[in-house]
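# Inside the fold
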Amino acid sequence: MDKAIEVKSMHAVHAGKEAEKEEEFNAESSQSELNEKEKKIVVPGELLTDKKKRLGEHVYLREGKIFSDSLGFVSESEAFISVVPLQGVYTPRAGDVVVGIISDEKHNGYLVDINSFYANFILKSSRGPVLKLNAVVSAKVFKVSELNEADLGQVRQFYGGEILRVSPVKVPRIIGKNNSMLEVLRNGTNSNIMVGRNGYVWIKDGNAALAVKAIKKIEMEAHLSNLTNRINDFLIENKEVNK
Amino acid sequence: MKEKEAEYVNREGKRLDGRKVNELRAIKIEVGVIPSAAGSCYLEWGYNKVIAAVQGPREVLPRHMADPYKAIIRYTYRMATFSVSERKNPKPGKRDIEISMVSAKALEKAAFLEKFPNTAIDVFVQVLDSNAGTRIAALTAASVAMADAGIPMKDLVSGTAVGRAGGKLMIDLTKEEEDAPDAVDAALAILPNSEEIVLLQMDGIISPKEWREALKMGIEGSKKVYEFQKEALKKKYSGDK
């Protein structure tokens, strides 16, 4: 029982941090959500604009014009332009909270799979209790090297539950604006849900099967609008069915 | 005894299969056909059928192959045993290895590899059915699969074959036209926005004047291929609601 309480308080901590991080994303996407009809899909190499603008992510400059470098949606304002990709791998960033799985044990530490390019290392001395193979942990990324190797800290272990793998670019949608989607999921299924920025989602208790279905639905429909309401309806409709 | 010279373009400007000299064969592209791959693409180009899958960026094994400044692309072009009329030996031959190498170089020009140091992007292309122009079909499919995998790219890679059969310049040659006695066959791949040439391999002898015209036709044709690629990628995410 203690564990469950610990986990719940963890959520609060992580949720706060994620909210901060997501705000940036939401600020960009909110205005593109408003004019849903103008939401434009672009492919790599497609011309976005020939005006001078601040460059966001997944755009590049050639001969004074701005081009997209990924398959994604354009997010554009007066002075800023970026592309929100529809696919992609997870690249660690300082400040991210990730969910990982212990994949190997060395004499002085553990290798943890965080869905990035390579397994990351946690020193044994940096935490107390012993971790076993396949244990689920959450960790914060403190520092990222130029080779995209993450320095992990604040390691916490999660007991039981299951791991769902989703595409890392869809994670902001699973969390939602100010955690709105995550709240809907938690209230609708009564599950403990921990979303890692790397695309691993830990789910325990409650109607876990329904939570998995709902998250898969979010992943499938991440690029469509009014998602939170639709997921809410979906959870209410299927509340009894999957029990 | 003089054999009657075969006519590759008739008086109405139509080729053996009814196309004009600057017309492509029918192209069909489907994106995301392999769920276990990061990105994938199935492409039909005339009788050519090609399936491409992309894995990564991921850890490079063996480790000494890794480049600490950029990702490496490992391109695997293979023909199925049943893709040609006589059984193809599945052992990778000189041709498979060469095409894999030049295609990897073409994709390297298109992708922003420096974003993923120390990693490898694995591209696998299988040719299921072939009728001339498979290396370009494979490269076209591979670049769509890479875009589907979310790898940042300067541009897609599009291309077509250009050449000459029966004294007439044409694009996208079929096997029959490639076997013409005076045939010139050049595989051409470009980055359509900057018109940068990333792959060019030629068989046969052609004059500089003819070549300049053929290249112009090839670039135009490649841009038509680019439209198909663009449409296929966008189609995956529009539509179903």
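You'll find the structure just up there.
Quick summary incoming for the structure in this document. (Residues numbered from 1 in each chain as written. Chains lettered and ligands numbered in written order. Predicted model: local features only at pLDDT ≥ 70, side-chain atom pairs only at ≥ 80, totals over all residues. Heavy atoms only, no water.)

When you go through chain A residue by residue, the secondary structure sums to five helices and 15 strands. Buried positions account for 52% of the 243 residues belonging to chain A. (Helix = DSSP H or I, 4+ residues; strand = E, 2+ residues; numbered from the N terminus. Buried < 20%, exposed > 50% of the residue type's maximum accessible area, 1.4 Å probe, protein only.)

The next thing to look at is unusual backbone geometry. Between Gly56(B) and Pro57(B) the backbone carries a cis peptide bond, its omega angle lying at 5 degrees. Relative to the elements of secondary structure, Pro57(B) occurs in strand β3 (residues 48-59). Residues other than glycine seldom take positive phi values, yet Asn179(A) does so here, at roughly 65 degrees. Following the sequence through the fold, Asn179(A) ends up in the loop between α2 (171-175) and α3 (180-189). We classify Asn179(A) as buried; its relative accessible area is 9%.

Enumeration over the complete set of coordinates arrives at five aromatic pairs over all chains. Taking 5.1 Å as the distance between ring centres and 65 degrees as the angle between the ring planes, the aromatic pair formed by Tyr60(A) and Phe112(B) counts as edge-to-face. Of this pair, Tyr60(A) sits in strand β4 (residues 59-62) while Phe112(B) is found in the loop between α1 (94-110) and β5 (119-129), placing the two residues in two different chains. Accessibility classification places Tyr60(A) together with Phe112(B) in one group, the buried group. Here the aromatic rings of Phe117(A) and Tyr118(A) are separated by 6.2 Å at their centres, their planes lie at 65 degrees, and the arrangement is edge-to-face. A relative accessible area of 4% places Phe117(A) in the buried class. In this structure an aromatic cluster arises from ring pairing among Tyr60(A), Phe67(A) and Phe112(B). Cation over ring: Arg62(A) sits above Phe67(A), and NZ or CZ is 4.7 Å from the ring centre. Taking the ring centre of Tyr110(A) as reference, the NZ or CZ of Lys124(A) above it sits at 5.5 Å. (Phe/Tyr/Trp six-rings, centres within 6.5 Å; stacked < 30°, edge-to-face > 60°. Lys NZ or Arg CZ within 6 Å of the ring centre and 35° of its normal.)

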